Amino acid sequence: MKERVFWIFLGIIGISWIANYLYADAKRLKEPVFLDHFVEMTMNDENYLTFYYLTNKDDLAQVNYVHINKVMGYVERDMGFSPGVPTDIQSFRHYVLRKITVLVNEAALEYHAGDGDFKFNEMEVFFSDYRDVKADIGEVILQQPSSSESDDPLHPVSWGGSTEGDSFTGFNVYEPLQVEAIALAIPQLNDRLTFKLSGGNPARQTKDGKGLPLKELQFPIRLQRGQQFNVTTYFGDFSDYLESSYTVSGRTDSGETFQSTGTLSSQPYLKQEDVQEIIKRKRRDGQ
Amino acid sequence: MSQAVKWIFIGYFFVWFRIDIAIDWLPDPVGYFLIYLGASKLSTEYSVSPKASRFAAAGVILSLPSVFISYLPSGVLTGNYYILLLLVKLVVAFYLFSLLKVITAKFNQSEWTRRTELRSRYYVFIHLAALFIMTLTPNLLSNEVAWLTGTTSLALLVMDLSFLLLLNQIRNLKPMPTTDITV
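Rules and cut-offs
- Per chain, residues are indexed from 1 in the order of the written sequence.
- Chain labels run from A onward and ligand labels from 1 onward, assigned in the order the entries are written.
- Only residues with pLDDT of 70 or above have their local features reported here, since the model is predicted, and side-chain atom pairs are shown and tallied only from 80 upward, although totals for entire chains, interfaces and linings are computed over all residues.
- With hydrogens and water excluded, all non-hydrogen atoms of the structure serve as input to the side-chain values.
- The contact rule is simple, with two residues in contact once any of their heavy atoms fall within 4.5 Å.
- Here the quantity called buried area is the accessible surface, traced with a 1.4 Å probe, that two parts lose on coming together, added over both.
- Salt bridges are identified by distance alone: a Lys or Arg side-chain nitrogen within 4 Å of an Asp or Glu carboxyl oxygen.
- Two N or O atoms form a polar contact when they lie within 3.5 Å of each other; inside protein one atom must be a possible hydrogen donor and the other a possible acceptor, and for residues adjacent in sequence the pair counts only when both atoms belong to side chains.
- Helix and strand definitions here come from DSSP, where helices need a minimum of 4 consecutive H or I residues and strands a minimum of 2 consecutive E residues; each element is numbered from the N-terminal end.
- Throughout, the ten residues Ala, Val, Leu, Ile, Met, Phe, Trp, Tyr, Cys and Pro are labelled nonpolar, Asp, Glu, Lys and Arg are labelled charged, and all others, Gly among them, are labelled polar.
- By this rule, a helix spans an expected 1.5 Å times one less than how many residues it contains.
- The classification of residues rests on relative accessible area computed with a 1.4 Å probe and restricted to protein chains. Under 20% of the type maximum is buried, over 50% is exposed, and intermediate values are partly exposed.

Undergrad: Hey, could you run me through the interface of chain A and chain B in this one?
TA: Accessible area lost on assembly of the parts is the figure often given for the size of an interface. Taken together, the contact between chain A and chain B spans 23 residues of the former and 27 residues of the latter. Each partner contributes to the roughly 2200 Å² buried at the junction of chain A and chain B, and carbon and sulfur atoms together form 64% of this total. Along the contact surface separating chain A from chain B lie two salt bridges. A salt bridge links A:Arg93 to B:Glu144, with the shortest nitrogen-to-oxygen separation between them at 3.6 Å. Linking chain A to chain B there are eleven residue pairs in polar contact (both at pLDDT 80 or more). Per-element tally for the side of chain A that touches chain B: the top contributor is helix H1 (residues 3-26) of chain A, with twelve residues. Looking at side-chain class alone, the side of chain A that touches chain B contains twelve nonpolar, five polar and six charged residues.

What follows is the structure in structure tokens.
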């Protein structure tokens, strides 16, 4: 190869080097971006909350702890193959998706929140490289335990779910009753979930084998003793984390009201386009 | 000839091979210094352009941080430094090849000139391709990076070995007497 040709090739490599470096640099996140989480759970002594965030693929920092409205949340250390290195749930061209589990003690909650429910949309995240990020995390509600539900005439007996975003709860019916309403614990989700109901009369409420929007469901639903009432929820958006519930309420034939709870959950599974969209949206939110 | 090529051989081996136990025990700067010694001896002896030895001298300085590479944080900077190291190695090797070509031509060993030319083509082409791929890595998916670096490092390994082999073969080459037609 001629010397001049050789140096021309090296020049091309130099240009590619600079261009790729600058492009990757322009794509870098200034700070990690948290996904939206819709979480509603009953308070326990120890509450474990899951949060997902996107960060640069070469980010080695871990989350040390979080502050949620002054309440300290401890981050569970990942004791995987290589402790000290954060584990990637998914990886993309410039970013990775990571997950943290935060432990919040009830004592700390009580001290700051009193006897009411504890609700938050933001938290301050402290990383091991001394960054702290005010993260917009969606909607998290920790509820006070409700009074006993032991003698429910409609009682959840089976649960299921898949990675496709659908969750299933099966209820046993112990006395004749009618279901009059289904309500989500987090109202923001009203338009984002669909429901498939089966059992009772009307026997099925579904569309093309999938669910119907909440407001298209027909009530009341008559159920006889010994029947099973099945509720399947579909959540089509894999950008968000979901860990919540809905209440099924109504009246027994003897005139008593009842309320029962079904659960729903969905874990994020992002595509490259979702990543771009989330980063764009969250940046706009921040301004 | 023999002695100088031997230095280049050992020097290139140092540059190519790493034994990282806290530091690199086959340090690159030492390798480039040996290449510098060998190449400058050859270029004065056979009055060839001293470019190979000059770039090897630059290599001594540029490769100094590589001795402590296991202490460098893995990040953007280290990634770029690996590109620089490979770039320096390629430039030095390019001029070593042309040095050897000129010398074998002076020795009237046209068969060896041809072989050197052929090896240098493969060597330079593969290295240019590997460097180009390395510059793309910040914008590639991790699995793409994994298989690309896998294949390129295998190809680079073959090229390094073939260069060392060539140096070893060429080491004891003697000038071929030109046939005297007047006899």
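Undergrad: Help me understand helix H1 (residues 2-16) of chain B, please; the structure alone is not making it clear to me.
TA: Residue pairs spaced three or four apart in an α-helix point in one direction, given the helix's 3.6 residues per turn. With 15 residues, H1(B) should reach 21 Å at 1.5 Å per residue; the first-to-last C-alpha distance of 21 Å fits that figure. The set of residues buried in H1(B) consists of B:Ala4, B:Val5, B:Ile8, B:Gly11, B:Tyr12, B:Phe14, B:Val15 and B:Trp16.

Undergrad: Looking at this structure, how should I read the side chain of A:Asn56?
TA: Residue and element names in this part refer to chain A. With respect to the helices and strands, the residue Asn56 is situated in strand S3 (residues 46-56). Within polar-contact distance, the side chain of Asn56 engages the backbone nitrogen of Leu29 at 2.8 Å. Each residue touching Asn56, except ones within four places of it in the same chain, is listed here: Arg28, Leu29, His94, Tyr95 and Val96.

Undergrad: Looking at this structure, I do not really get the pattern of salt bridges. What am I missing?
TA: Side chains bearing opposite charge may pair, as long as their charged atoms lie close to each other. Residue and element names in this part refer to chain A. A complete count under the given rule lists 23 salt bridges over all chains for this structure. Taking the shortest distance from any N to any O, the salt bridge between Asp191 and Lys215 comes out at 3.6 Å. One end of the pair, Asp191, is in the loop between strand S12 (177-184) and strand S13 (193-198); the other, Lys215, is in the loop between strand S15 (212-213) and strand S16 (221-223), and 24 residues separate them in sequence. You can call Lys215 exposed: its relative accessible area is 71%. What you see here is one network of salt bridges that share partners, running through Asp36, Asp136, Glu277, Arg281 and Lys282.

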